[in-house]
Amino acid sequence: MNTPAASSPAIDGIVEQTASRLAVASQWQLVWWAFKRHRLAMVGLFVTIALYVIAVVPGFFAVNDPSQQNRRAVFYPPQTVHFIDTGADGWSIHPYIHPYVLKRDPVTLASVYQEDKERKVPLRMFGEGYEYSVFGLFSSRIHLFATQDADQPLFLFGADRLGRCVFSRIMVGTQISLSVGLLGVILSLTLGIILGGISGYYGGRIDFAIQRVIELVLSLPTIPIWLALAAALPQDWPATLNYMMITLILSLTGWAQLARVVRGRFLSLRTEEFVTAARLDGASEGRIIFRHMLPSFSSHIIASVSLAIPAMILAETSLSFLGLGLQPPTISWGVLLREAQNIRSIATAPWLFAPGAAVVLAVIALNFLGDGLRDASDPYNK
């Protein structure tokens, strides 16, 4: 006859404690516990947070003035950061770079950059560099890292055809590209919730009219509509107005799918007992919608938003890459990718594709995050 293990009371206590926690946990706690078990979603969360931190203060992470041209650094190759400094006194951990010098190839007579092994330019954390604005409130010269020699620029991802730092331009472009996606989704979310909620809550002729509008929007070919609307914008508009109009264009074509989802949830919830009880208790329609119905599937809305932001980022990048979106001097990932449109740039400076890597990283991270939120948004079915 088998005897129970000595640790069974402790195990039973842990099980009972876990069950009691689940019984009294709120929906948001259940969502968070389920989300933490999704490893790729956690990775996506950390990468997304890091990207939006860069987007908030891009000048702090940039190493050079993104708009400064340098004719002596045309197609300057990426520099390697060395962390182990060896010398006569031994070795030490001290990051530095070897500057490049422009020389003539003796065979092809082409101008090539060669690393000067005899020179070392030390790097320092929180060093001083070019002046940038923080939230438009004050200026700062402190950067995450900078060279100790102010006359020697640092090109981590090389330079473009005008000698501008690609890494710094990617950092600054993060603010525009990510904010376009976020603002576009917020506008789409507002339209989707309002129109979808009205359609599902009231039904009848209102529902019929709104659904025909949704079907019309969904039937339109997205890319040609984006191209037509973006091409209709005047080319002499200021960068700020152009930015807002591109965001509005992306929003006007992205709300219909969310509105249909919200409408379906409202149709299923309006006959639930808690909605009927709130209506009999004299609650206003606004309170029923925003206090009782929307919070019941808010986690689903958050998951939908996190999956919609990558689509907005790709749309802005595509429009800007084709020359129909944001225009220089505005800096976005799509605008930067326009530098890699010709064969000479591809052959001479393949590092100009680095903004494309930033787009891929952001889209993958947001998709991982959205997948995790979608899986965790209904923890009761786990």
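Right above here is the structure, for reference.
Residues numbered from 1 in each chain as written. Predicted model: local features only at pLDDT ≥ 70, side-chain atom pairs only at ≥ 80, totals over all residues. Heavy atoms only, no water.

Moving on, we come to the overall build of the chain. Per the secondary structure count, the chain includes 15 helices and eight strands. The C-alpha atoms of the chain give a radius of gyration of 27 Å, which is well past the 21 Å a tight globule of 382 residues would have. Taken along its principal axes, the extent of the C-alpha atoms in the chain is 85 × 75 × 45 Å. The contacts of the chain with a sequence gap of at least 6 include a subset with a gap of at least 24, amounting to 64%. Accessible surface for the chain amounts to roughly 21200 Å². Of this, 63% is attributable to carbon and sulfur atoms. Charge separation in the chain, taken as the distance between the mean sites of 29 positive and 26 negative side-chain charges, equals 5 Å. (Helix = DSSP H or I, 4+ residues; strand = E, 2+ residues; numbered from the N terminus. Rg over C-alpha atoms; globule rule 2.2 N^0.38 Å. Contact = heavy atoms within 4.5 Å. Areas by Shrake-Rupley, 256 points an atom, 1.4 Å probe, with all protein chains shown as cover. Lys, Arg positive; Asp, Glu negative; His and termini not counted. Charge placed at Lys NZ, Arg CZ, Asp CG, Glu CD.)

Packing of helix α10 (residues 273-280) against helix α11 (residues 285-293) brings their axes to within 10 Å, and their N-to-C directions diverge by 145°. Considering only the axes of α10 and α11, their crossing is right-handed. Here Phe274, Val275, Ala278 and Arg279 of α10 come into contact with α11, specifically with Ile288, His292 and Met293. (Axes fitted to C-alpha atoms, helices over the stretch in contact; angles between N-to-C directions. Left-handed = near helix turned anticlockwise from the far one by under 90°.)

Our focus in this paragraph is the environment of Arg141. Here Arg141 is to be found in strand β7 (residues 138-142). Spatially, the C-alpha atom of Arg141 lies 4.6 Å from that of Glu131, the residues being ten residues apart in sequence. Non-local contacts of Arg141, meaning those with residues more than four positions away in its chain, are made with Gly127, Glu128, Gly129, Tyr130, Glu131 and Tyr132.

A word on the side chain of Ser140. Tracing the sequence through the fold places Ser140 in strand β7. Once you skip the residues sitting within four places of it in the chain, Ser140 turns out to touch Tyr130, Glu131, Tyr132 and Val134.

Take unusual backbone geometry next. Here the bond from Pro328 into Pro329 is cis, since omega is 10°, no more than 30 degrees from zero. Non-glycine residue Phe75 carries a positive phi angle of around 55°. For Phe75, the position within the fold is in the loop between α4 (58-61) and β1 (82-87). For Phe126, which is not glycine, the phi torsion reads 55° and is therefore positive. Following the sequence through the fold, Phe126 ends up in the loop between β5 (121-125) and β6 (128-134). Judged by its relative accessible area of 51%, Phe126 falls in the exposed class. (Buried < 20%, exposed > 50% of the residue type's maximum accessible area, 1.4 Å probe, protein only.)

Tallying each qualifying case throughout the model produces nine salt bridges. Here Glu339 and Arg161 are joined by a salt bridge, their closest N and O atoms 2.9 Å apart. Of this pair, Glu339 sits in the loop between α13 (333-337) and α14 (343-348) while Arg161 is found in the loop between β8 (145-147) and α5 (166-202), placing the two residues 178 residues apart along the sequence. One salt bridge in this structure joins Asp207 and Arg263, with 2.7 Å as the shortest N-O distance. In this pair, Asp207 is assigned in helix α6 (residues 204-219) and Arg263 in helix α9 (residues 256-269), connecting sequence segments 56 residues apart. One salt-bridge network, held together by shared partners, links Asp160, Arg161, Arg164, Arg169 and Glu339. (Salt bridge = Lys/Arg side-chain N within 4 Å of Asp/Glu carboxyl O.)

This paragraph deals with the side chain of Ser320. Mapped onto the elements of the fold, Ser320 is located in helix α12 (residues 298-321). Among the polar contacts made by the side chain of Ser320, one reaches the side chain of Glu316 at a distance of 2.8 Å. Residue contacts for Ser320: discarding those within four places in its chain leaves Gly325, Leu326, Ser332, Gly334, Val335 and Arg338. (Polar contact = N/O pair within 3.5 Å; in protein donor to acceptor, adjacent residues only side chain to side chain.)

Counting residues in hydrophobic clusters, the biggest one holds 75 residues, and the most contacted among them are Ile170, Leu250, Phe266 and Trp333. Ranked by residues supplied to this core, first place goes to α5 with eleven residues. Listed in part, the ten residues of the second largest apolar core include Ala34, Phe35, Leu373 and Ala376. (Core = buried A, V, L, I, M, F, W, Y, C linked by side-chain atoms within 4.5 Å.)

Our focus in this paragraph is helix α3 (residues 39-56). Over its 18 residues, α3 extends 26 Å from the first C-alpha to the last, a length consistent with the 26 Å expected when each residue adds 1.5 Å. For α3, every residue scored as buried is listed here: Ala41, Met42, Gly44, Leu45, Thr48, Leu51, Ile54 and Ala55. (Expected span 1.5 Å × (residues − 1).)

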